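Structural characterization, general
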Amino acid sequence: MSLLDLTIRNVKRNFRLYSIYLLSMIIGVIIQYTFSSLMFNQDIIDAMQNREMFQTGMAIASIVIFLFNIFFILYANSFFMRQRKKEFGMYLLYGLKERQIVRMVFYETLIMGVISLVIGILLGGLLSKLFGMLLMNLMQYDQVVSLSFPLGAMAAAAGVILLIAVIVSVQSYVLVNRVQLTELFHANQKAEKPVRVSAAMAILAVFLIVMAFVLICSGQGSAVWKDYGTYSMIATAIGIIGGTYLFFRQFAGWLLRLISRRKKYHEGNTVLWTSSLRFQIRGNTLNLTFISLFSAVIIMLLCFVTINYKVQFEAVGMNVPNDIAYESLDPSTNEQVEETINSSDHEIRYHLKPEALVVSPVTDRGIAFDNPEYYIPGLWLIAEKDYNELIALRGDKEQVDLQGMEAVSLAQGSDFPKTFAAGERPSFTVKADEEKTFTISMKKDYAYLGWATDPVLAMDKKAAVFVISDEAYQQLASHADKKTFEIYGLTDAKNADELSKQVHAIVSKTEGTYYSSFADVYSKQIESSSLLLFAAGFLALIATFALASVIYFKQLREATEERLQYSILRKLGAENSQFRSVIRKQLLFVFLPPIVLGLLYSWTIIKYFILDSVKDFPELPGIVWSIMGIYFLIYLVFYSSSTNLYYRIINRNS
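These remarks concern the structure in this document.

Rules used in this analysis
- Residues numbered from 1 in each chain as written.
- Predicted model: local features only at pLDDT ≥ 70, side-chain atom pairs only at ≥ 80, totals over all residues.
- Heavy atoms only, no water.
- Helix = DSSP H or I, 4+ residues; strand = E, 2+ residues; numbered from the N terminus.
- Contact = heavy atoms within 4.5 Å.
- Areas by Shrake-Rupley, 256 points an atom, 1.4 Å probe, with all protein chains shown as cover.
- Buried < 20%, exposed > 50% of the residue type's maximum accessible area, 1.4 Å probe, protein only.
- Pairing = 2+ DSSP bridges.
- Axes fitted to C-alpha atoms, helices over the stretch in contact; angles between N-to-C directions.
- Left-handed = near helix turned anticlockwise from the far one by under 90°.
- Nonpolar A, V, L, I, M, F, W, Y, C, P; charged D, E, K, R; others polar.
- Phe/Tyr/Trp six-rings, centres within 6.5 Å; stacked < 30°, edge-to-face > 60°.
- Parallel < 35°, antiparallel > 145°, perpendicular 65-115°, else oblique.
- Lys, Arg positive; Asp, Glu negative; His and termini not counted.
- Salt bridge = Lys/Arg side-chain N within 4 Å of Asp/Glu carboxyl O.
- 1 Å grid on protein atoms, 1.4 Å probe; cavity = no way out; pocket = protein on both sides within 12 Å on 5 of 7 lines; lining within 4 Å.
- Points joined across faces, edges and corners; volume = space filled by probe spheres on them.

Examining the overall build of the chain
The helix and strand tally for the chain stands at 20 helices and 13 strands. In the chain, of all internal contacts separated by at least 6 residues, the share reaching a separation of at least 24 is 84%. Roughly 30800 Å² of accessible area belongs to the chain as shown, and the carbon and sulfur atoms make up 60% of that amount.

Now the structure itself:
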């Protein structure tokens, strides 16, 4: 019998075991091919305004997905190999050499790889069309995505399978060459030892976790984070990582020991599920710690990119509020710009020509603006009436009413906008040909002119603007230089990319001229946030499968190892209902703590470091809770399927 015949015979005889491994490979190919095909789909590429950014982003995400796929499939293979150690031992006894076993494993992986490729590419092709339509919908494009099978995506999927075949062959060689024959026969009979636990270490675990929560809940605006940000971050990381590890290593074991000392410990089935868990703590600690922390990372990633996506639609308008705005130039240039706009498909809704006084700040601009390095040098003063006129045309409720030397700083993007009480208003001195001091009544998260933009580079720097009373403006008008601006409101401004390029080409002939266009930023921001959300969702899907594989194969292995014990219990009179109860309690103790910790970590970080910074979007907390709820339901499905799987395994041939 040749090695190829032996390989085919093995697959037929152990189809159930091979089917688990084959399914993991098929899922891996589907995921890799689906994402890769999007990167090569010409319909999607044609729809993109920023093709280079799309292809770069997809390439990076594809590499991450590739690494996840390798982990996912190799974790399944580790279980597969563990179950076959006795089989390899038999082959060695019958006279097969190590290299022959390695070749056999390589043939098996290639056979299953070919099957996985065919099935995965067919299913992946259908899914790529579905996900492509989803991506276009996120970007608000009407592009039709056709069903295609790009050669590049097929090559990427085949590369995954080939690499896995090589790695698996190396694994099998190490297994049969370095492990003694007796260890191969008794590989599944090694029992784990219970971990030594202490009350002090259990208390330390709780202390570290509570410390992390206290630091997080203090918020980014607290003195702890402002003055000791680095130390706070290190302490929080130690609290979360170290506390979680000790929680599963020590606190869980200590809690089980307390349960075992209760008077009613031997009543019911408590002794069955707790004793099993005490022996599994050592092997489960790293897995449960990983699941807790990785669940928190997945949820935070999804929540962050979803919040970013939801905020972008309004944030672009907040960052670049004017459809087209530029510093007024000579009359002929201004006429050329207006003719260009009139000849386009975008009608002019309004056209304003406000003035601004140009002054030099004497006071540190950091008092009036967060991160002043992001602002254009100097300071522009806008009259109250000009400001309110434009705000009314926008339909915003951001009007101001100022008296005397009062001023409002337009600190768009400020994390901490503030209205100052009468006795707490900071003074701000400016200089034209003489110095004048204003009192800042409000630091407003709003823009009058917004970021300077470029059709290629998008945003550059934003204008530093004060709104002052009409009275103060008249007093300063004869003492300061003036700038005039041309501000246009257009129809269908988000699709004015080509018009913006034409106008920018005219305006940019005069170097240093302020220019800002909503369209320059809209397509780039929406495409980038949509791509980020799509890629993060895809990565979260793969990560979920990775976590599922950790849980699934771990429980599959433990159930296989405990079949003998359950068989003995059945002979002693234990009933199936008792087994089900024991399994549910045992797995609940394994499943519930990591997901609860992961949800708590993610919620507190999102709440105090993200949501508190975007309070103008009241729907965001509901979105976060929805994501967390969906993730918990998925986890609940894993728990339910694992309990059923566990029960079926212990009842097989027992």
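So, next bit.
Brief notes about the environment of alanine 47
Relative to the helices and strands, alanine 47 resides in helix H3 (residues 42-47). In this structure alanine 47 comes out as buried when scored by relative accessible area, which is 13%. Sequence-wise, alanine 47 and glutamine 143 are 96 residues apart; in three dimensions their C-alpha atoms are separated by 6.4 Å. Setting aside residues no more than four positions away along its own chain, alanine 47 makes contact with Met136, Tyr141, Gln143 and Glu527.

Describing the pairing of strand E7 (residues 427-431)
Pairing geometry for strand E3 (residues 355-361) and E7, over two bridges, is antiparallel. For serine 360, the partnering residue across the bridge sits in E7 and is lysine 431. Here five bridges tie E7 to strand E8 (residues 435-444), and the two strands are oriented antiparallel to one another. Bridge pairing in E8 places threonine 429 opposite threonine 437. The antiparallel hairpin formed by E7 and E8 contains three residues in its connecting segment.

A closer look at the packing of helix H9 (residues 199-217) against helix H11 (residues 229-260)
Relative to each other, H9 and H11 sit at 145°, their axes nearing to 6 Å. Between H9 and H11 lies a crossing of left-handed hand. Class assignment of the residues belonging to the contact of H9 with H11 gives a composition of 18 nonpolar, seven polar and one charged.

What to know about the packing of aromatic side chains
Within the structure shown, the criterion is met by 20 aromatic pairs. Measuring from centroid to centroid gives 6.4 Å for tyrosine 387 and tyrosine 446, while their planes differ by 80°, and the two rings are edge-to-face. Of this pair, tyrosine 387 sits in helix H14 (residues 384-394) while tyrosine 446 sits in the loop between E8 and strand E9 (451-454); the two residues are 59 residues apart in sequence, bridging distant segments of the chain. Summarising the aromatic geometry, the rings of phenylalanine 591 and tyrosine 639 are spaced 5.6 Å apart at their centres and angled 70° between planes, so their arrangement reads as edge-to-face. Taken as a pair, phenylalanine 591 in helix H19 (residues 576-609) and tyrosine 639 in helix H20 (residues 620-651) lie far apart in primary sequence, 48 residues in all. One exposure class covers both phenylalanine 591 and tyrosine 639, and it is buried.

Overview of the side chain of aspartate 323
Within the fold, aspartate 323 resides in the loop between helix H12 (270-319) and strand E1 (324-327). We classify aspartate 323 as buried; its relative accessible area is 11%. Among residues more than four places away in sequence, those in contact with aspartate 323 are Arg349, Tyr488, Gly489, Leu490, Ala493, Ser516, Ser517 and Phe518.

Concerning the packing of helix H13 (residues 331-342) against helix H16 (residues 497-507)
The N-to-C vectors of H13 and H16 enclose an angle of 170°; their axes lie 10 Å apart at closest approach. On the basis of their axis angle, the class for H13 and H16 is roughly antiparallel. Counting all contacts with H13, which are made through Thr333, Gln336, Val337, Thr340 and Ile341, the residues of H16 involved are Leu499, Gln502, Val503, Ile506 and Val507.

Here we look at the side chain of glutamate 384
In this fold, glutamate 384 is placed in helix H14. It turns out glutamate 384 is buried and unbridged, and the closest side chain with the opposite charge, lysine 385, is 10 Å from it.

Things to note about empty space enclosed by the protein
Scanning the model with the defined rule gives three cavities of 30 Å³ or more in all. Considered as a void within the structure, the second largest cavity measures approximately 60 Å³ in volume. Taken together, Asn319, Tyr375, Leu410, Gln412, Ala447, Tyr448, Leu449, Gly450, Trp451, Lys462, Ala463 and Val465 make up the full set of residues lining the second largest cavity. Its residues assigned to classes, the lining of the second largest cavity shows eight nonpolar, three polar and one charged.

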